[in-house]
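# Summary of structural features
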Amino acid sequence: MAELLTLTLKVNGEEKTFQAPAHLSLLRLLRDNLYWEVKCGCEEGDCGTCTVYLDGRAVKSCVTLAHACAGHEVWTVKGLGYADDLTAKLQKAFVECGSIQCGFCTPGMIVAAKHYLDHDGRADRKAIREAIAGNLCRCTGYQKIVDAIYNVACELSNNDLPHNSKLKTQNSRLGLSGSPLGGVAHE
Ligand code: FES
Ligand code: FES
């Protein structure tokens, strides 16, 4: 049995300490510790369904070593949905636009969309398609996903809000259970 090493990182705003072998992926660490909103697809970096927010960047957790994240800050779609207004807007838009069918790609897709809106955020369908190119969806044909992200981008620019959303201080709602999609449309 592989030796277990201690690592501490922040997950959804809470400092956590884990025991994990050196080779364990961030995806496996999260799922083994009940963060099931992070989906496991290919485990080869191809499908994007495992995408999480690591220090403000969307990363594929299946190809990220858990121990490389020691001391860093990880947010799953569920944590973001409670703590971040932009993610909550995206979740609502996905529901309203019918962007979810089986929902397997949705957590990763929303984190990728948040990354786009935080770092670029133009209401530009081509740019949105490029931003989610690393996230595969076998159900929707992508159009409704692009519509949802486009609508939020338009809303942000109409309201003249800054694109870089700030995570709200973690509140007690984080302790509440969310939907299987990671707290979609909880507002
Ligand atoms: S499970 Fe990570 S990219 Fe597919
Ligand atoms: S909704 Fe099924 S994979 Fe995207």
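All of the points below concern the structure found in this document. (Residues numbered from 1 in each chain as written. Chains lettered and ligands numbered in written order. Predicted model: local features only at pLDDT ≥ 70, side-chain atom pairs only at ≥ 80, totals over all residues. Heavy atoms only, no water.)

## Quick notes on the sheet that holds strand 5 (residues 73-75)
Pairing is mixed in the open sheet, where 5 strands are placed in the order 2-1-5-3-4. Unpaired on one side and paired on the other, strand 2 (14-20) and strand 4 (57-60) mark the two borders of the sheet. Across the sheet, the mean angle separating the axes of adjacent strands is 40° when strand polarity is ignored. On top of the sheet, helix 4 (residues 106-119) reaches strand 3 (51-54) and strand 4; it is set at about 40° to strand 3, its chief contact. (Pairing = 2+ DSSP bridges. Helix = DSSP H or I, 4+ residues; strand = E, 2+ residues; numbered from the N terminus. Axes fitted to C-alpha atoms, helices over the stretch in contact; angles between N-to-C directions. Contact = heavy atoms within 4.5 Å.)

## With respect to the environment of Asp118
Among the secondary structure elements, Asp118 is positioned in helix 4. The spacing of Asp118 and Arg57 is 61 residues in sequence and 9.3 Å in space, taken between C-alpha atoms. Separated by 2.9 Å, the side chains of Asp118 and Tyr53 make a polar contact. (Polar contact = N/O pair within 3.5 Å; in protein donor to acceptor, adjacent residues only side chain to side chain.)

## Points about the layout of surface pockets
Taken as a whole, the second largest pocket encloses approximately 170 Å³ of empty space. Forming the boundary of the second largest pocket are 12 residues, of which Lys89, Lys92, Ala93, Glu96 and Glu155 lie nearest the centre. Those elements that provide at least two residues to the lining of the second largest pocket are helix 3 (85-96) and helix 6 (143-158). Per element, the largest residue contribution to the lining of the second largest pocket is 6 residues, and it comes from helix 3. The residue inventory of the lining of the second largest pocket, partitioned by class, reads 5 nonpolar, 1 polar and 6 charged. (1 Å grid on protein atoms, 1.4 Å probe; cavity = no way out; pocket = protein on both sides within 12 Å on 5 of 7 lines; lining within 4 Å. Points joined across faces, edges and corners; volume = space filled by probe spheres on them. Nonpolar A, V, L, I, M, F, W, Y, C, P; charged D, E, K, R; others polar.)

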